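Tertiary structure, described
One-letter residues, chain by chain:
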Amino acid sequence: MFLLLIASITALGMILPPVYLVLRATQSGVDEFLSILTRSRTLETIFNTLSMVAGITLLAVLVAVPLAFLTTRTDLPGKRFWLVATTLPLAIPTYVGSFALLAFAGPRGSVLQIILEPLGVDRLPSVYGWFGVVIVIGLLTYPYIMLTVRAALLGMNPSLEEAARSLGYSQRQTFFRITFPQLKPAIASGSLLVALYSIQDFGTPAMLRFDSFTRVIFTQYRAAFDRTLAAALALVLMLLVMGILLLEFKLRRAGATYYTTSSGAMKPPTIIPLGRWKWVALLFVSLIVFLTLVIPVGVILFWLFRSTLFGGVGYTSFQAVPLWEIVWNSIYAAGLGALVATIFAIPIAILSVRFRNRFTTILERCSYIGFGTPGIVIALALVFFGSSYAQFIYQEMPMLVFAYLVLFLPQAVGTIRGSLLQVNPSLEESAHSLGRNSWQTFREITLPLVRPGIISGAMLIFLTAMKELPATLILAPIGFKTLATQIWQATAEDAAFATAAEASLLILMISSVSTWIILSQEKKAS
């Protein structure tokens, strides 16, 4: 009963933001809402967003598919190293990538402009807008597609390809007529993940001044007294995300129906010798690693070194909060969000595994509402609700922690649920038969066995909340700065590259430690 009560309260909290957003967006009437949707400004924003998503997805596919093939089916030298190096961009927040692009190739004051200045170059071509957004997000999200395509290639039965070769097909004909059709579901699945990520991203469009949905909503929220338009746009964005999730679900089912891999024993696929194309392949993977890893890290180190050498050049003038306090704020907010979300995730995971019925299934499904919902949409809904009905926590830490709970709860539920499924219920039944009550059984039997999953879920939320930008920017207490908001303010509102470099380096270091803890828990669990 206690678990049901906690899980029910959590489910109500999860559905509160989207329901209130619908009411707020339509409070002026359906006709007014429809007129907002058909305005030229709204249609332009929809076109911008969809064209951005299309460009990012296409770039990610063009990078990811060759990388996946080279690291699984060819004799590329150093395949293991290239696999790790081309996967690491997933750990870099896209707004850090945007900062790296601006600091490396921005029109004025960037690394390239400083190098070319003796040649009379005072200003470089602009990297702002659609082009910059597509480059940054595309090059930092392609691993979503690469990993899914790699999994498909590794699970593919090579007998079909061998049969094609025995019938006289060349390597190129075999790839396009046999291999590629079997990769389509994996490419589609990974592409939809990239599309989902890009449509929700706020930091990159804001820093590179491109009017996608997230930037327009934020601008409307900050600039306009009447925020009905912001609410309506947020609702449209939420519907777009739901449409993409529905499309992904249908494609996944279609892929499961029409494309299958062998379940029996398979011999390993034939490794294709690259021959004279080996140097071209090495040049390609080196270029990707240079763009996605070397430049971001190099730019951060360059600005830190330059600011040290020239006495603080590149620091912002608005920095009144000491850096150590900003680091503490980031750890405090993300840690509190991880703790609260994990505590509320445990009852839902237990009910969904040990007491599964229609009602507990609904409670579990409600916990996933935050998954896929853009952070700026949740933040805006909570702004409307907090300013009207919960002013005592409006722009206070509890409201920010609640936003983290809504956005990241599914991560903890998923990891804890997976750990619980590995615990045989007979162990708990034995404890009950020996006189232990439910709490004692959980504390002495279940909790020690699922502890790695709980720690992994908490660290996953901590890592994600540490990098979260729009909800933190809108809902944090006044004057409360985190590393993410520091990077955004230093880059989007001021060309303070050294300030952004400090914050970027710290966020990458903390993210690396969090990732190491998650991986160590996975080893313990295995």
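1. Quick word on the overall build of the chain
What the chain contains, in helices and strands, is 22 helices and 0 strands. Sequence separation of 24 or more characterises 81% of the internal contacts of the chain that already satisfy a separation of 6 or more. A total accessible area of about 24,700 Å² is found for the chain, and carbon and sulfur atoms account for 67% of it.

2. Overview of the confidence of the model for the chain
With 89% of its residues at a pLDDT of at least 70, the chain reaches an overall mean of 81. The least confident element of the chain is helix α12 (residues 228-258), whose mean pLDDT is 71; the most confident is helix α3 (residues 40-73), at 91. Confidence drops under a pLDDT of 50 for residues 257-264, and excluding neighbours within four residues, the segment shows 8 contacts in the predicted structure.

3. Quick look at the packing of aromatic side chains
Summed over the entire model, instances satisfying the criterion amount to 12 aromatic pairs. Arranged with centres 5.0 Å apart and planes meeting at 70°, the rings of Phe 81 and Trp 82 form a pair that is edge-to-face. Given a relative accessible area of 12%, Trp 82 falls into the buried group. Seen from their ring centres, Phe 385 and Tyr 389 are 5.6 Å apart, and the 45° between their planes marks the pair as tilted. Pair noted here: Phe 385 and Tyr 389 are both in helix α16 (residues 375-389), with a separation of 4 residues, about one helical turn. A residue is classified by how much of its surface remains accessible, and Tyr 389, at 58% relative accessible area, is exposed. Within the aromatic cluster, the residues linked to one another by ring pairs are Phe 69, Phe 175, Phe 176 and Phe 180. Across the ring face of Tyr 128, the terminal group of Arg 209 is positioned such that the distance to the ring centre comes to 4.3 Å.

4. Overview of the packing of helix α14 (residues 323-354) against helix α17 (residues 397-421)
In the contact formed by α14 and α17, the axes pass within 5 Å of each other and the chain directions differ by 45°. Taken as axis vectors, α14 and α17 run oblique relative to one another. Crossing hand, α14 versus α17: right-handed. Each residue belonging to the contact of α14 with α17 can be placed in one class, and the counts come to 24 nonpolar, 3 polar and 2 charged.

5. Remarks on the pattern of salt bridges
All told, the structure shown has 5 salt bridges when counted by the stated rule. Linking Arg 215 and Asp 211 is a salt bridge whose minimum nitrogen-to-oxygen distance equals 2.7 Å. One salt bridge connects Glu 428 with Arg 354, and the closest N-O pair in it is separated by 2.8 Å. Separated by 74 residues along the polypeptide, Glu 428 in helix α18 (residues 425-433) and Arg 354 in helix α14 bring together distant segments of the chain. Given the relative accessible area of 11%, Glu 428 is considered buried. Take Arg 354: its relative accessible area is 23%, and that puts it in the partly exposed class. A cluster of three or more residues bridged by salt bridges with shared partners is formed by Arg 41, Asp 211 and Arg 215.

6. Remarks on the environment of Leu 23
Position of Leu 23 relative to the elements: it lies in helix α1 (residues 2-25). On the basis of relative accessible area, Leu 23 is assigned to the exposed category, the value being 52%. The spacing of Leu 23 and Ala 231 is 208 residues in sequence and 9.5 Å in space, taken between C-alpha atoms.

7. Structural notes on the side chain of Ser 212
One can find Ser 212 in the loop between α10 (203-207) and α11 (213-223). Setting aside anything within four residues of it in sequence, one finds Ser 212 in contact with Thr 45, Thr 49, Met 52 and Pro 205.

8. Concerning the side chain of Asp 201
For Asp 201, the position within the fold is in the loop between α9 (171-200) and α10. For the buried Asp 201, no salt bridge exists, and the shortest N-O distance to an oppositely charged side chain is 10 Å, to Lys 467. Engagement of the side chain of Asp 201 in a polar contact is seen with the side chain of Thr 94, the distance being 2.7 Å. Once you skip the residues sitting within four places of it in the chain, Asp 201 turns out to touch Thr 94, Ile 137 and Thr 214.

9. Here we look at α1
Each α-helix winds once per 3.6 residues, and so residues spaced three or four apart point in a common direction. For α1, with 24 residues, the first-to-last C-alpha span of 36 Å sits near the 34 Å given by 1.5 Å per residue. Within α1, the axis deviates most sharply at Leu 16, by approximately 35°, and proline Pro 17 lies no more than four positions further along. Taken as a whole, α1 has its buried residues at Ile 6, Ala 7, Thr 10, Ala 11, Gly 13, Met 14, Pro 17, Pro 18, Tyr 20, Leu 21, Arg 24 and Ala 25.

10. As for a nonpolar patch on the surface
Residues Leu 287, Phe 290, Leu 291 and Val 294 make up a contiguous nonpolar surface patch of about 330 Å² in total accessible area. Checked against the element boundaries, Leu 291 lands in helix α13 (residues 278-309). On the accessibility criterion, Leu 291 (34% relative accessible area) is partly exposed.

11. Here we look at the environment of Thr 360
For Thr 360, the position within the fold is in helix α15 (residues 358-367). Thr 360 gets classed as buried once you look at its relative accessible area, which sits at 3%. With 356 residues separating them along the chain, Thr 360 and Leu 4 place their C-alpha atoms 8.1 Å apart. Apart from residues no more than four positions distant in its own chain, Thr 360 is found in contact with Leu 4, Leu 351 and Phe 355. Within the structure, Thr 360 has its side chain in polar contact with the backbone oxygen of Phe 355 (distance 3.0 Å).

12. Regarding the environment of Ala 471
Inspection of the secondary structure assignment puts Ala 471 in helix α20 (residues 470-475). Along the backbone, Ala 471 and Gly 375 are 96 residues apart, and their C-alpha atoms lie at a distance of 5.6 Å.

Parameters at a glance
Residue numbers restart at each chain and count upward from 1, following the sequence in its written direction. Residues qualify for local features only when their pLDDT is at least 70, as the model is predicted, and side-chain atom pairs are given and counted only at 80 or more; totals for whole chains, interfaces and linings, by contrast, use all residues. Only hydrogens and water are removed before side-chain values are computed, so all heavy atoms of the structure are retained for them. Under the scheme used here, helices are H or I runs from DSSP no shorter than 4 residues and strands are E runs no shorter than 2 residues, and both carry numbers assigned from the N terminus. Here, residues are in contact when the closest pair of their heavy atoms is within 4.5 Å. Here the open area of atoms and residues is found with the Shrake-Rupley method and a 1.4 Å probe, where only the protein chains shown may cover a residue. pLDDT is a per-residue confidence score from the predictor, ranging from 0 to 100. Any two of the Phe, Tyr and Trp rings considered here, Trp counted by its six-membered ring, make a pair once their centres fall within 6.5 Å; the pair's planes then place it as stacked at under 30 degrees, edge-to-face at over 60, or tilted in between. Working definition: with a 1.4 Å probe on protein chains only, accessible area under 20% of the residue-type maximum means buried, over 50% means exposed, and in between means partly exposed. Sitting over a ring, as applied to charges here, requires NZ of Lys or CZ of Arg to be within 6 Å of the ring centre and within 35 degrees of the ring normal. Helix axes use the C-alpha atoms of the stretch in contact, all axes being lines fitted to C-alpha atoms, and the angles between their N-to-C directions lie in the range 0 to 180 degrees. These descriptions rest on fixed angle ranges, namely under 35 degrees for roughly parallel, over 145 for roughly antiparallel, 65 to 115 for roughly perpendicular, and the rest for oblique. Each crossing gets its handedness from the near helix: less than a right angle anticlockwise from the far helix is left-handed, clockwise is right-handed. Residues are grouped as follows: nonpolar covers Ala, Val, Leu, Ile, Met, Phe, Trp, Tyr, Cys and Pro; charged covers Asp, Glu, Lys and Arg; every other residue, Gly included, is treated as polar. Every case where a carboxyl oxygen of Asp or Glu lies within 4 Å of a side-chain nitrogen of Lys or Arg is listed as a salt bridge. None of His or the chain ends enter the tally, which takes Lys and Arg as positive and Asp and Glu as negative. Polar contact is defined as a pair of N or O atoms within 3.5 Å, subject to the rule that within protein one atom must be able to donate a hydrogen and the other to accept it, and that residues adjacent in sequence are counted only when both atoms are side-chain atoms. The length a helix should cover is 1.5 Å for every residue beyond the first. One axis is fitted to the seven residues ending at the residue and one to the seven starting there. The bend at that residue is the angle between these axes. A residue counts toward a patch only above 30% relative accessible area and without a salt bridge, and it is joined to like-charged neighbours within 9 Å or, for Val, Leu, Ile, Met, Phe, Trp and Tyr, to nonpolar neighbours within 5 Å.

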